[in-house]
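Listed below, chain by chain, are the residues.
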Amino acid sequence: MSSSAPQHPRPAGGHRLWSVDEHLADVLGAVRPLEPIELQLLDAQGCVLVEDVTVPVALPPFDNSSMDGYAVRTADVQGASEEFPAVLTVVGDVAAGSGELPTVGPGEAARIMTGAPLPPGAEAVVPVEWTDGGTGGGAAAGMTPASAAPEQSGGEVRVHRAAEARAHVRARGSDVQAGDLALAAGTVLGPPQIALLAAIGRGTVRVRPRPRVVVLSTGSELVQPGEPLTAGTIYDSNSFALAAAARDAGAIAYRVGAVADDADTLRSTIEDQLIRADLLVTTGGVSVGAYDVVKEALSSVGAVPSSGSAASGEDDVDVDATRIDFRKLAMQPGKPQGFGTIGPDHTPLLALPGNPVSSYVSFELFVRPAIRALMGLPESEVRRPSVRAVLKADKALGSPAGRRQFLRGKYDAESGTVSPVGGSGSHLIAALAHADSLMVVPEDVTSVEPGTELEVVLLG
């Protein structure tokens, strides 16, 4: 599936400092919602509905009982009490799914189960606890199973309480009426929405599919968790964090194992992944080090012959096939970033820094909105929600001039405060695990005193 990214030149990003808002606008300007497809209900979970769904039949489709008990005529139980019960003749059972229904005449009742249709002649349902259950004794605690005592679908029942008309009866169409709007286009399909679609008889639904996001980390020092570490190596946490974050955002995530610092290997890996990607995310290799190979690898990956080269036999390639811009952002953490489109389908690619906190913060600010835009969600649901909160800290927080800083925080909704968690280092992943928000310090602020009100991005 292609995101249909617009093909327009991007300004070179290496010679100026981009703002966070400029970079995000560039990302969102290059992604388009995925094309709608028809999916089975369970496959559509988490997807965005692209059409209004109306109710074909009323729900419930018939008057039915909300209790296990007896269907009665109200006149027959008027004034009934434990001392002077109404004695009625039981004319049969009405179970859920019953087709042929007994008619309840004067002085009669029918045993009825929850969800069963109200039989002709009946006006109300008395719960079994208001009766002797047909045993001739005191108040019943429940009904004897029909298989164990089929004779109780006949005989007599003593009713100890009166019932008003329509008591314990769920009216036809009391949930939704035929022709009502069941779900509007733009609805995200969760379990309750799937239930409603099934209840009104829809087996499939037209939605925008969940984006397929391929996540791969780079670095020869990375080792798969569960394997032994050797000198100079660390465990690959970024690909796990970002794949989990992609799922949390609503995507189908594919995690690729860590790729060594070799441009050819990385290029080959990315080319192999393009077939199953609506969005590619890399982490690491975007800074200015001698082994930051992502820039080198992405200079030609996915290039395809131009339409004229096949006939002419020339070796020219379509320069539009790959257009990745590596830039510096006025933010901390996450200054180095890369973004563009790649391959013949112009698949969006976001190249994130390799430090764990930088990588995760960058995902929340840029990748998550891209995923949500691919899903076709409204603008109000593309970004994480933010609130204003008062800083609760022992001392002032410093921030670099000219950088928008994102500090890990713990938000207290009851008091309207936020407290810092851990330091500002981009490698402090343990602190990130205990944070539920990001405190935003504007570019023109270098010190934030306790008691200052800040913007707080909520991560939960």
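Attention here is on the structure that accompanies the text. (Residues numbered from 1 in each chain as written. Predicted model: local features only at pLDDT ≥ 70, side-chain atom pairs only at ≥ 80, totals over all residues. Heavy atoms only, no water.)

Once that is clear, we can look at the pattern of salt bridges. All chains considered together, the criterion is met by 17 salt bridges. Salt-bridge contacts for Asp 132 lead to Arg 158; the nearest nitrogen and oxygen are separated by 3.8 Å. Taken together, the residues span a long stretch of sequence, with Asp 132 in the loop between strand E9 (124-127) and strand E10 (156-159) and Arg 158 in strand E10 at a distance of 26 residues. Judged by its relative accessible area of 29%, Arg 158 falls in the partly exposed class. The partner of Asp 248 in a salt bridge is Arg 384, and the shortest N-O contact between them spans 3.2 Å. Here the residue Asp 248 occupies a position in helix H4 (residues 238-249), and Arg 384 occupies one in the loop between helix H8 (356-375) and strand E23 (386-391), the gap between them amounting to 136 residues. (Salt bridge = Lys/Arg side-chain N within 4 Å of Asp/Glu carboxyl O. Helix = DSSP H or I, 4+ residues; strand = E, 2+ residues; numbered from the N terminus. Buried < 20%, exposed > 50% of the residue type's maximum accessible area, 1.4 Å probe, protein only.)

Moving on, we get to the layout of surface pockets. Of the volumes computed, that of the largest pocket is approximately 490 Å³. Among the elements of the structure, strand E14 (212-218), strand E16 (234-235), strand E20 (331-332) and H8 are those that each provide at least two residues to the lining of the largest pocket. Of the residues in the lining of the largest pocket, the class split is 11 nonpolar, 14 polar and 6 charged. By volume, the second largest pocket amounts to about 260 Å³. Mapped onto the lining of the second largest pocket, the elements with two or more residues apiece are helix H1 (20-29), H8, strand E25 (404-412), strand E27 (437-441) and strand E29 (453-458). Each residue belonging to the lining of the second largest pocket can be placed in one class, and the counts come to 9 nonpolar, 1 polar and 6 charged. (1 Å grid on protein atoms, 1.4 Å probe; cavity = no way out; pocket = protein on both sides within 12 Å on 5 of 7 lines; lining within 4 Å. Points joined across faces, edges and corners; volume = space filled by probe spheres on them. Nonpolar A, V, L, I, M, F, W, Y, C, P; charged D, E, K, R; others polar.)

This brings us to the sheet that holds strand E7 (residues 86-94). Reading across from one edge, E9-E6-E8-E7-E10 is the order of the 5 strands in this open sheet, with mixed pairing throughout. Two strands close off the open sheet at either side, each with one partner strand: E9 and E10. Here the average twist between neighbouring strands, direction ignored, is 40 degrees. Taken together, the 4 bridges between strand E6 (residues 69-72) and E9 define a ladder with antiparallel strand orientation. Bridged to Val 72 within E9 is Ala 124. (Pairing = 2+ DSSP bridges. Axes fitted to C-alpha atoms, helices over the stretch in contact; angles between N-to-C directions.)

Relative to the assigned elements, Thr 341 resides in strand E21 (residues 336-342). For Thr 341, a relative accessible area of 3% corresponds to the buried category. Along the primary structure Thr 341 and Asp 325 are separated by 16 residues, whereas in three dimensions their C-alpha atoms are 9.2 Å apart.

Next up on the list: the nonpolar core. Core analysis: the biggest nonpolar cluster contains 43 residues, and Leu 279 and Ile 371 have the highest contact counts within it. Discounting residues that sit within four places of it in the chain, Leu 279 has contacts with Arg 212, Val 213, Val 214, Thr 347, Pro 348, Leu 350, Val 367, Ala 370, Ile 371 and Leu 374. One finds Val 256, Val 259, Ile 324 and Ile 342 within the second-largest nonpolar core, a separate group that totals 19 residues. (Core = buried A, V, L, I, M, F, W, Y, C linked by side-chain atoms within 4.5 Å. Contact = heavy atoms within 4.5 Å.)

Put simply, H4 and H8 touch, their axes get as near as 9 Å, and they point 30 degrees apart. Compared by their axis directions, H4 and H8 come out roughly parallel. Pair H4 / H8 crosses with right-handed handedness. Contact with H4, carried on its side by Asn 238, Leu 242, Ala 245, Ala 246, Asp 248 and Ala 249, involves Pro 356, Ser 359, Tyr 360, Phe 363, Arg 368, Ile 371, Arg 372 and Met 375 of H8 and no other residues of that element. The residue makeup of the contact of H4 with H8, split by class, is 9 nonpolar, 2 polar and 3 charged. (Parallel < 35°, antiparallel > 145°, perpendicular 65-115°, else oblique. Left-handed = near helix turned anticlockwise from the far one by under 90°.)

Here the focus is the packing of aromatic side chains. Under the definition given, this model contains 0 aromatic pairs. Here Arg 16 stacks its cationic end above the ring of Trp 18, 4.2 Å away from the centre of that ring. (Phe/Tyr/Trp six-rings, centres within 6.5 Å; stacked < 30°, edge-to-face > 60°. Lys NZ or Arg CZ within 6 Å of the ring centre and 35° of its normal.)

Further remarks concern the sheet that holds strand E3 (residues 48-49). Strands pair in a sheet through their backbones, by hydrogen bonds, and they do so in one of two ways: parallel or antiparallel. Here we have 3 strands laid out as an open sheet, ordered E2-E13-E3, and antiparallel in their pairing. Whereas interior strands pair on both sides, the edge strands pair on one side only; in this sheet they are strand E2 (37-40) and E3. Two elements, E3 and strand E13 (residues 204-208), share 2 bridges in a ladder whose sense is antiparallel. What sits directly across from Val 48, in E13, is Arg 208.

Inspection of the secondary structure assignment puts Arg 368 in helix H8. Owing to a relative accessible area of 8%, Arg 368 belongs among the buried residues under this scheme.

Take Trp 130: it is sitting in the loop between E9 and E10. Judged by relative accessible area, which is 16%, Trp 130 ranks as buried. Separated by 48 residues in sequence, Trp 130 and Glu 82 place their C-alpha atoms 8.8 Å apart. Those residues in contact with Trp 130 that sit more than four places away from it in its chain are Arg 158, Val 159, His 160, Arg 161, Ala 162, Ala 163 and His 168.

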